[in-house]
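The lines below spell out each chain.
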Amino acid sequence: MSQLTTKLPSEEKYPTVLRALHWATALIFLLLFVSGYTMVDLDKQDTFRPTLFGWHKSLGVLTILLLAARLRVRLRSTMPNLPAALQEWEKQLAHGGHKALYLFMIITPLTGWATSDLHGKAVKLFGLPLPKLFPTVEDIGTWPGDVHTVLAYSALALISLHVAAVIKHRFLDRHDVLQRMW
């Protein structure tokens, strides 16, 4: 049986709850990117626009909640070691990349929340009103939304590098790191 089709022992995998949270977060980020890209291009008179904004905000809040759960599980669990076959620079890059991904998972939705609050728009979690975290500022302009957009596209770039690294390890290096998270 080839090395790529051999199942990993459970101690070489991330904890089951963390794997589920990882894939839930990946799905939500996909929905956030699609909804964010779509909603800003809709005409302001489009009746679907407020609904899409509401979904986008709810998914952003859900991202923050999932991140809290991920961090809690991660801090209480034993994480598998990176494969021994990785070069030291690859291990350092993996650790740095994961830290950056976690940072983007908190900063990006918080800047979205700030954008809504600063413009006097309520943030709700699927209809449930949430506290205002930032004050409304008259004539603040578009820069809060611009910051949120830059962070979102930066997160997308980092996620793309993350996926590219998984593909590289699977097909070029012939060690399937994806099994650790599957």
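The structure contained in this document is the topic of the report that follows. (Residues numbered from 1 in each chain as written. Predicted model: local features only at pLDDT ≥ 70, side-chain atom pairs only at ≥ 80, totals over all residues. Heavy atoms only, no water.)

**Notes on the overall build of the protein**
Let me state the cut-off plainly: Runs of E in the DSSP output that reach at least two residues are strands. Runs of H or I that reach at least four are helices, and both are numbered from the N terminus. Think of it in three bands: residues with accessible area under 20% of the maximum for their type are buried, residues over 50% are exposed, and the middle band is partly exposed, with areas taken using a 1.4 Å probe on protein chains only.
For the protein, the count of helices and strands is 4 helices and 2 strands. Secondary structure elements of the protein, listed N to C terminal, follow the sequence α-α-α-β-β-α. Principal-axis analysis of the C-alpha atoms places the extent of the protein at approximately 60 × 30 × 30 Å. Residues classed as buried in the protein amount to 34% of the 182 residues present.

**Observations regarding the pattern of salt bridges**
Note on pairing: side chains with opposite charge can pair once their charged atoms come close. The cut-off we apply is this: By convention in these notes, a salt bridge is any Lys or Arg side-chain nitrogen within 4 Å of a carboxyl oxygen on Asp or Glu.
Within the structure shown, the criterion is met by 2 salt bridges. Note that glutamate 90 and lysine 168 form a salt bridge whose closest N and O atoms lie 2.8 Å from each other. A residue pair is termed long-range when its members are at least 10 positions apart, and glutamate 90 in helix 3 (residues 88–118) and lysine 168 in helix 4 (residues 143–171) qualify at 78 residues. Classification of lysine 168 as partly exposed rests on a relative accessible area of 27%. With a closest N to O distance of 2.4 Å, aspartate 173 and lysine 168 form a salt bridge. Ionic contacts of the salt-bridge type, sharing partners, join the residues Glu90, Lys168 and Asp173 into one network.

**Regarding the packing of helix 1 (residues 16–41) against helix 4**
Convention followed: Here the axes come from fitting lines to C-alpha atoms, over the contacting stretch only for helices, and the angles between their N-to-C directions go from 0 to 180 degrees. Angles below 35 degrees are treated as roughly parallel, those above 145 as roughly antiparallel, those between 65 and 115 as roughly perpendicular, and all remaining angles as oblique. By the definition used in this description, the sense in which the near helix is turned from the far one sets the handedness, with an anticlockwise turn below a right angle giving left-handed and a clockwise turn giving right-handed. Contacts are residue-level and defined by heavy atoms, with any inter-residue pair within 4.5 Å sufficient. Ten residues, namely Ala, Val, Leu, Ile, Met, Phe, Trp, Tyr, Cys and Pro, are considered nonpolar, four, namely Asp, Glu, Lys and Arg, are considered charged, and the remaining ones, Gly among them, are considered polar.
Interhelical geometry of helix 1 versus helix 4 gives an angle of 135 degrees and a closest axis separation of 12 Å. One element, helix 1, and the other, helix 4, form an angle in the oblique class. Where helix 1 crosses over helix 4, the two elements pack in a sense that is left-handed. Within the contact between the two elements, helix 1 uses His22, Phe29, Phe33 and Tyr37 and helix 4 uses Ala152, Tyr153, Ala155, Leu156, Ile159 and His162. Among the residues making up the contact of helix 1 with helix 4, the classes are represented as 8 nonpolar, 2 polar and no charged.

**Structural notes on helix 3**
Note that an α-helix has 3.6 residues per turn; residues three or four places apart therefore point the same way. What counts here: A helix is expected to span 1.5 Å multiplied by its residue count minus one.
When the terminal C-alpha atoms of helix 3 are compared, their 44 Å separation across 31 residues agrees well with the 45 Å that a helix rising 1.5 Å per residue should span. The first or second residue beyond helix 3 is glycine 120, which carries a positive phi of 75 degrees.

**Considerations on the packing of aromatic side chains**
For the record, the criterion: Stacked, tilted and edge-to-face are the three classes applied to pairs of Phe, Tyr and Trp rings, where Trp contributes its six-membered ring and a pair requires centres within 6.5 Å; stacked means planes under 30 degrees apart, edge-to-face means over 60, and tilted covers the rest. Each ring is checked for a lysine NZ or an arginine CZ that lies within 6 Å of its centre and within 35 degrees of its normal; such an atom marks a charge sitting over the ring.
Applying the stated criterion to the full structure yields 3 aromatic pairs. A centroid spacing of 5.1 Å and a plane angle of 80 degrees characterise the contact between tryptophan 23 and tryptophan 182, whose relative ring orientation is edge-to-face. In this pair, tryptophan 23 sits in helix 1 while tryptophan 182 sits in the segment after helix 4, placing the two residues 159 residues apart along the sequence. What makes tryptophan 23 partly exposed here is its relative accessible area of 34%. Since its relative accessible area comes to 61%, tryptophan 182 is described here as exposed. Centroid distance phenylalanine 48 to tryptophan 55: 5.6 Å. Interplanar angle 80 degrees. Geometry classified as edge-to-face. Note that arginine 170 overlies the ring of phenylalanine 171, its terminal NZ or CZ placed 4.9 Å from the centroid.

**Overview of the packing of helix 3 against helix 4**
Relative orientation of the contacting elements helix 3 and helix 4 amounts to 155 degrees, with a least axis distance of 9 Å. In terms of their interaxial angle, helix 3 and helix 4 are classed as roughly antiparallel. Considering the relative orientation of helix 3 and helix 4, their crossing is left-handed. For the contact of helix 3 with helix 4, the residue count by class is 12 nonpolar, 11 polar and 2 charged.

**As for the nonpolar core**
In a soluble, globular protein the nonpolar side chains are often hidden away together inside. We apply this condition: As used in this record, nonpolar core signifies buried Ala, Val, Leu, Ile, Met, Phe, Trp, Tyr and Cys residues forming a set joined through side-chain atoms within 4.5 Å.
Within the largest apolar cluster, 9 residues are counted, these being Tyr14, Leu18, Leu21, Ile28, Leu32, Leu59, Leu66, Val73 and Met181. Looking at this core, the elements with two or more residues in it are helix 1 and helix 2 (49–76). When residues no more than four places from it in sequence are discounted, the contact partners of leucine 18 are Arg70, Val73, Arg74, Met79 and Met181. Counting residues in each nonpolar core, the second largest holds 5 residues, with Ile64, Trp113, Val123 and Leu125 among its members.

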